[in-house]
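# Summary of structural features
Each chain, letter by letter, is given below.
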Amino acid sequence: MSESSAGAVAGDVMAVAAATAPGWRRAGVAGAAIGVLAAGAAAGVAVERLTVGRGMRKKARLALDATGPYGSLRGAPGRAVADDGTELYYEVDEVEPPEPADGAGSDGNRRRRLFGRKAPAPVTVVFSHGYCLGQDSWHFQRAALRGLVRAVYWDQRSHGRSGRGRAQADGVPVGIDQLGRDLKAVIDAAAPEGRIVLVGHSMGGMTMMALADQYPALIRDRVAAVAFVGTSSGKLGEVNFGLPVAGVRAVRRVLPGVLRALGTQAELVEKGRRATADLFAGLIKRYSFSSRDVDPAVARFAERLIESTPIDVVAEFYPAFTEHDKSGALPAFRDVPVLILAGEKDLVTPSSHSEAIADVLPDAELILVPDAGHLVMLEHPETVTDRLADLLVRGGAVAAANVGEHGSTAQQPGRR
């Protein structure tokens, strides 16, 4: 699972509760279960309301939206077409050409054309985001690596600027295998030749595993390095989201049905989301971050990303995570440099799931970041970017001299 999905789901459920009280009372045990999930966030919101008026809180959110630069980076747009006809949106950041050496110029270019020499395709880094997010969730890493590597950032189906899943419109549930095929379509369109580095957060990491499961030759022949960030290879049905045992059991029992019901009332749910914005923000912060001093603009950025995912999309993706099991695909990555990175206090895909991946890939570099939650790439961007840059050097995507401070191999907190 991914991207504060538990928090986002709880926020949606509570939103409907506020908008449709009679129906919510009939839900009975569902209300109690989700109430347990929301309790911590709701307590924090209650304290805030004692000191800050609702109008002031709304103005603060608008101010953060206006001043935060996050999610503003854009590249050359492109579209791939999935096997079911869904349009997948991606952007490409190209490598900035080096300054010509003294005496080099048009003559050198003319000689290369004359003798038919063709520069090898650059290594392309493909970033896959997670559930309820979009390509902009890689904002900090994109800003740091911009111009240094050729990079592709894409929006998974029904997320961001990509089209709504065609198969889902016909009632076909989303599966992780479909996401793997989607990634293959993006690679074919945006990086049809040359070596590639795969980077995935949460659901994005699962997407990469599904790619390996279905296209092992692609991994063998073209993948130069891999990074799994806050993800899982399976057993997500056992995650407790920081809840007591009774609360977890209740949530697991009723949540699929509740989500199906919410998915049929999308317009009502969206109104409820707006009415319960404070609670929603508290839930996102609890399940996205661990640090107490997260930049409010970054927290608001995460909130905007997650709240932009329609409830019917949340509902149609959720079942795929309990069915996800791609541990058998992991050995395909044994022959390339692998980075496995997670927040030690991740409540959505706990760090134990990253350790389980490392058990299958014993040569991988495992980084557990202290005081970090699920959105570790937003919460501790320097650590994530440094480790990614180091991986890119090992994978041959960039020269060490070009990386600068982001390629430091100095001992990092939590490095193992």
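Our subject in this report is the structure included herewith. On a predicted model such as this, the values are computed, not experimentally measured, just so you know.

### Observations concerning the nonpolar core
Core analysis: the largest hydrophobic core is formed by 63 residues, its most contacted members being Phe 127 and Val 197. The contact partners of Phe 127, leaving out residues within four places of it in the chain, are Trp 138, Leu 145, Ala 151, Val 152, Tyr 153, Trp 154, Val 199 and Leu 388. Grouped together as the second largest cluster of nonpolar side chains are 38 residues, Trp 154, Leu 198, Phe 333 and Val 338 included.

### Comments concerning helix α18 (residues 381-394)
With 14 residues, α18 should reach 20 Å at 1.5 Å per residue; the first-to-last C-alpha distance of 20 Å fits that figure. Within α18, eleven of the 14 residues are buried, which leaves the element mostly enclosed by the surrounding structure. Among the residues of α18, those classed as buried are Pro 381, Thr 383, Val 384, Thr 385, Asp 386, Arg 387, Leu 388, Ala 389, Asp 390, Leu 391 and Leu 392. Residue Gly 396 follows α18 closely and has a positive phi angle near 80°.

### As for the packing of helix α8 (residues 176-190) against helix α9 (residues 203-214)
One way to put it is that α8 packs onto α9 with a least axis distance of 7 Å and a crossing angle of 80°. Viewed along their axes, α8 and α9 adopt a mutual orientation that is roughly perpendicular. When α8 is examined against α9, the residues Ile 176, Asp 177, Leu 179, Gly 180, Arg 181, Leu 183, Lys 184 and Ile 187 are found in contact with a partner set consisting of Met 203, Met 206, Thr 207, Met 208, Ala 210, Leu 211, Asp 213 and Gln 214. Considered class by class, the residues forming the contact of α8 with α9 number nine nonpolar, three polar and four charged.

### Considerations on the sheet that holds strand β6 (residues 223-229)
Strand order in the open sheet formed by eight strands is β1-β2-β4-β3-β5-β6-β7-β8, and the pairing between neighbours is mixed. Two strands bound the open sheet, and with one partner strand each, they are β1 (76-81) and β8 (365-369). Direction aside, the axes of adjacent strands within the sheet are offset by 20° on average. In terms of strand pairing, strand β7 (residues 338-343) meets β8 through five bridges, oriented parallel. Bridging across to β8, Ala 342 finds its partner in Leu 368. Lying over the sheet, α9 contacts β3 (124-128), β4 (150-154), β5 (196-201) and β6, oriented at roughly 135° with respect to β5. Here α18 sits on the sheet in contact with β3, β5, β6, β7 and β8, set at roughly 175° to β7.

### Regarding the packing of aromatic side chains
Here the distance between the centres and the angle between the planes together describe a pair of aromatic rings. All chains considered together, the criterion is met by seven aromatic pairs. Seen in terms of ring centroids, Tyr 70 and Phe 140 are 5.2 Å apart; in terms of plane orientation they differ by 50°. Their pairing is tilted. A residue pair is termed long-range when its members are at least 10 positions apart, and Tyr 70 in the loop between α4 (54-67) and β1 and Phe 140 in helix α6 (residues 139-145) qualify at 70 residues. With relative accessibility at 21%, the residue Phe 140 sits in the partly exposed group. Where Tyr 131 meets Phe 317, the ring centres are 6.3 Å apart and the plane angle is 25°; that geometry is what we call stacked. Of the two residues, Tyr 131 sits in the loop between β3 and α6 while Phe 317 sits in helix α15 (residues 311-323), which places them 186 residues apart along the sequence. Every member of this aromatic cluster is reached through a ring pair, and the members are Tyr 70, Phe 140 and Phe 301. It is Lys 184 that lies over the ring of Tyr 215; its NZ or CZ is 5.2 Å from the centre.

Reading the values: the criteria
- Residues numbered from 1 in each chain as written.
- Predicted model: local features only at pLDDT ≥ 70, side-chain atom pairs only at ≥ 80, totals over all residues.
- Heavy atoms only, no water.
- Core = buried A, V, L, I, M, F, W, Y, C linked by side-chain atoms within 4.5 Å.
- Buried < 20%, exposed > 50% of the residue type's maximum accessible area, 1.4 Å probe, protein only.
- Contact = heavy atoms within 4.5 Å.
- Helix = DSSP H or I, 4+ residues; strand = E, 2+ residues; numbered from the N terminus.
- Expected span 1.5 Å × (residues − 1).
- Axes fitted to C-alpha atoms, helices over the stretch in contact; angles between N-to-C directions.
- Parallel < 35°, antiparallel > 145°, perpendicular 65-115°, else oblique.
- Nonpolar A, V, L, I, M, F, W, Y, C, P; charged D, E, K, R; others polar.
- Pairing = 2+ DSSP bridges.
- Phe/Tyr/Trp six-rings, centres within 6.5 Å; stacked < 30°, edge-to-face > 60°.
- Lys NZ or Arg CZ within 6 Å of the ring centre and 35° of its normal.

Everything listed here is a matter of geometry and, on its own, says nothing about what the molecule does.
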